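Each chain is listed here by its residues.
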Amino acid sequence: MTATVDLNADMGESFGPWVMGNDAALLDIVTSANVACGFHAGDPDVMARTMALAVEKGVGIGAHPGFPDLQGFGRDRRYMRDETLGNIVRYQVGAAQAMARAAGGEVRHLKLHGALGNMTSEDEAMARLCYEAALSVAPEIIVMVLAQTAQQRAVEALGCAFAAEIFADRAYNDDATLVDRRLPGAMIRDPDVAAKRMVSMVQEAAIITESGKRISCRIDTICCHGDTPEAIEISAAVRKGLEAQGIALRMF
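Residues numbered from 1 in each chain as written. Predicted model: local features only at pLDDT ≥ 70, side-chain atom pairs only at ≥ 80, totals over all residues. Heavy atoms only, no water.

> In this structure, what is going on with the pattern of salt bridges? I would like to understand it.
Here the idea is simple: oppositely charged side chains can pair when their charged atoms come close. In this structure the tally under the stated criterion is 14 salt bridges. Glu106 serves as the salt-bridge partner of Arg101, at 3.1 Å between the closest nitrogen and oxygen. The salt bridge involving Glu165 is made with Lys111; its shortest N-O contact spans 2.8 Å. Residue Glu165 is found in strand E6 (residues 162-167), and its partner Lys111 is found in the loop between strand E4 (107-110) and helix H4 (114-122); the two are separated by 54 residues along the sequence. By the burial criterion, Glu165 is buried, and Lys111 matches it. Through salt bridges that share partners, Asp10, Lys111 and Glu165 make up one connected network. (Salt bridge = Lys/Arg side-chain N within 4 Å of Asp/Glu carboxyl O. Helix = DSSP H or I, 4+ residues; strand = E, 2+ residues; numbered from the N terminus. Buried < 20%, exposed > 50% of the residue type's maximum accessible area, 1.4 Å probe, protein only.)

Next comes the structure, spelled out in structure tokens:
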């Protein structure tokens, strides 16, 4: 059984006066924060506030780049030239580094957002392109990957530092990818169900799919999305459930 695990959440996704999620409350629960970099969500002011609060609370800061898609919240699949894709990752990592340093912190990790994350979980070459772009800007960055997908195969081939991630609030297909959000049951809404799933997966060191299949895997971090109505309740329940089983929450 894993003695420790990291708990992360996507945040910094507000934009101007429009508010998405409760970042301050999440930062009291999680150990790592994936901060939007302005392409799918967020803006410079939101990034600055979120990162300053993360530094204050001792939470690890990650860059969370996505497709340039504010209207679709980065969840619409995009197809672009390799050069452009690499450069949008570099651009966002650079912005995150600048804002984190201004807040007295550093960007520790990278996690791809939304459709960009889903596409790279299916396409190893695309994942490698994105990770090489990030590493060209931040050679020591830890790449957060969807466990047992093409993302993990890409970082293993690159030989870079990585953290394998599972999701508390998303259902799994039998190939370890996430069930499409448009399908029934894709989102886990019940905090107790989410907590029990995470305890089982960490204890078994395996992803448990919708069909009941077990996919053995390394588990370094658990994601609770910050943009759902149940985000705080799910994050708190997962943390409480893990700690009740003697599994400590600690930054990877």
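> Before we go on, may I ask you to explain the pairing of strand E5 (residues 142-146) in this structure?
On a regular strand, one side chain projects to one face of the sheet and the next to the other, so that they alternate. Buried residues dominate E5, accounting for five of its five residues. Along E5, one buried face is formed by Ile142, Met144 and Leu146 and the opposite face, lined by Val143 and Val145, is buried too. Where E4 lies against E5, two bridges are found, and the strand directions are parallel. Along E5, the bridge assignment pairs His109 with Ile142. With helix H6 (residues 150-158) bridging E5 and its parallel neighbour E6, the resulting β-α-β unit is right-handed. (Pairing = 2+ DSSP bridges. Right-handed = clockwise from strand over helix to strand, strands pointing away.)

> Mind showing me how you'd approach the pairing of strand E1 (residues 4-11) here?
Counting buried positions over the eight residues of E1 gives seven, a clear majority of the element. Alignment of E1 against strand E10 (residues 248-249), held across two bridges, turns out to be parallel. Bridge pairing links Thr4 to Ala248 in E10. In this structure, E1 lies alongside strand E9 (residues 221-223), joined through three bridges in parallel fashion. Opposite Leu7, over in E9, you have Ile222 as the bridge partner. Bridge analysis of E1 against strand E2 (residues 32-36) gives four bridges, and the strand direction is parallel. Across the sheet, the residue bridging to Ala9 is Ala33, located in E2.

> It is not clear to me how the layout of surface pockets should be interpreted in this structure. Could you clarify?
Space left empty within the atom packing is revealed by a probe, the size of a water molecule, rolled over the atoms. By volume, the largest pocket is sized at about 460 Å³. Lining of the largest pocket is provided by 27 residues; of these, Gly114, Ala115, Asn118, Arg170 and Arg181 occupy positions nearest its centre. In terms of residue count, H4 provides more of the lining of the largest pocket than any other element does, six residues in total. For the lining of the largest pocket, the residue count by class is seven nonpolar, nine polar and eleven charged. (1 Å grid on protein atoms, 1.4 Å probe; cavity = no way out; pocket = protein on both sides within 12 Å on 5 of 7 lines; lining within 4 Å. Points joined across faces, edges and corners; volume = space filled by probe spheres on them. Nonpolar A, V, L, I, M, F, W, Y, C, P; charged D, E, K, R; others polar.)

> How should the packing of helix H3 (residues 82-102) against helix H5 (residues 124-137) be read in this particular structure?
For the pair H3 and H5, interaxial distance at closest approach is 8 Å and the crossing angle is 40°. On the basis of the axis angle, H3 is oblique to H5. Seen from above, H3 lies across H5 with right-handed handedness. On H5, the residues that touch Asp82, Leu85, Gly86, Val89, Arg90, Val93, Gly94 and Gln97 of H3 are Met126, Leu129, Cys130, Ala133, Ala134, Ser136 and Val137. Residues belonging to the contact of H3 with H5 are distributed by class as follows: nine nonpolar, four polar and two charged. (Axes fitted to C-alpha atoms, helices over the stretch in contact; angles between N-to-C directions. Parallel < 35°, antiparallel > 145°, perpendicular 65-115°, else oblique. Left-handed = near helix turned anticlockwise from the far one by under 90°. Contact = heavy atoms within 4.5 Å.)

> Any chance you could explain helix H7 (residues 191-204) here in plain terms?
An α-helical turn contains 3.6 residues, so a residue and the one three or four places further along point in the same direction. Here H7 contains 14 residues, and its C-alpha end-to-end distance of 20 Å stays within 8% of the 20 Å for a straight helix at 1.5 Å per residue. Within H7 the residues assigned to the buried category are Ala194, Ala195, Arg197, Met198, Val199, Met201 and Val202. Buried residues along H7 sit in contact with E6, strand E7 (206-208), E9 and helix H8 (231-244). N-cap assignment for H7: the residue whose side-chain oxygen lies 2.8 Å from the backbone N of Asp192 is Asp190. (Expected span 1.5 Å × (residues − 1). Polar contact = N/O pair within 3.5 Å; in protein donor to acceptor, adjacent residues only side chain to side chain.)

> Would you take a moment to explain the side chain of Ser121 for this structure?
Along the polypeptide, Ser121 turns up in helix H4. For Ser121, the residues in contact, after removing those within four places along its chain, are Leu146, Thr149, Ala150, Gln151 and Thr177.

> Sorry, what's going on with a nonpolar patch on the surface here?
A cluster of nonpolar side chains, Phe15, Trp18 and Leu70, forms an exposed patch at the surface whose accessible area comes to about 310 Å². Mapped onto the secondary structure, Trp18 falls in the loop between E1 and helix H1 (23-26). (Patch = residues over 30% accessible without salt bridge, like charges linked within 9 Å, V, L, I, M, F, W, Y side chains within 5 Å. Areas by Shrake-Rupley, 256 points an atom, 1.4 Å probe, with all protein chains shown as cover.)

> Help me understand the nonpolar core in this model?
Side chains of a nonpolar character, in soluble globular proteins, are inclined to be buried together. Within the largest apolar cluster, 75 residues are counted, with the highest numbers of intra-cluster contacts made by Leu110, Tyr131, Ile166, Ile222, Val238 and Leu242. Per element, the largest residue contribution to this core is eight residues, and it comes from H5. Discounting residues that sit within four places of it in the chain, Leu242 has contacts with Val5, Met198, Val199, Val202, Ile222, Ile247 and Leu249. (Core = buried A, V, L, I, M, F, W, Y, C linked by side-chain atoms within 4.5 Å.)

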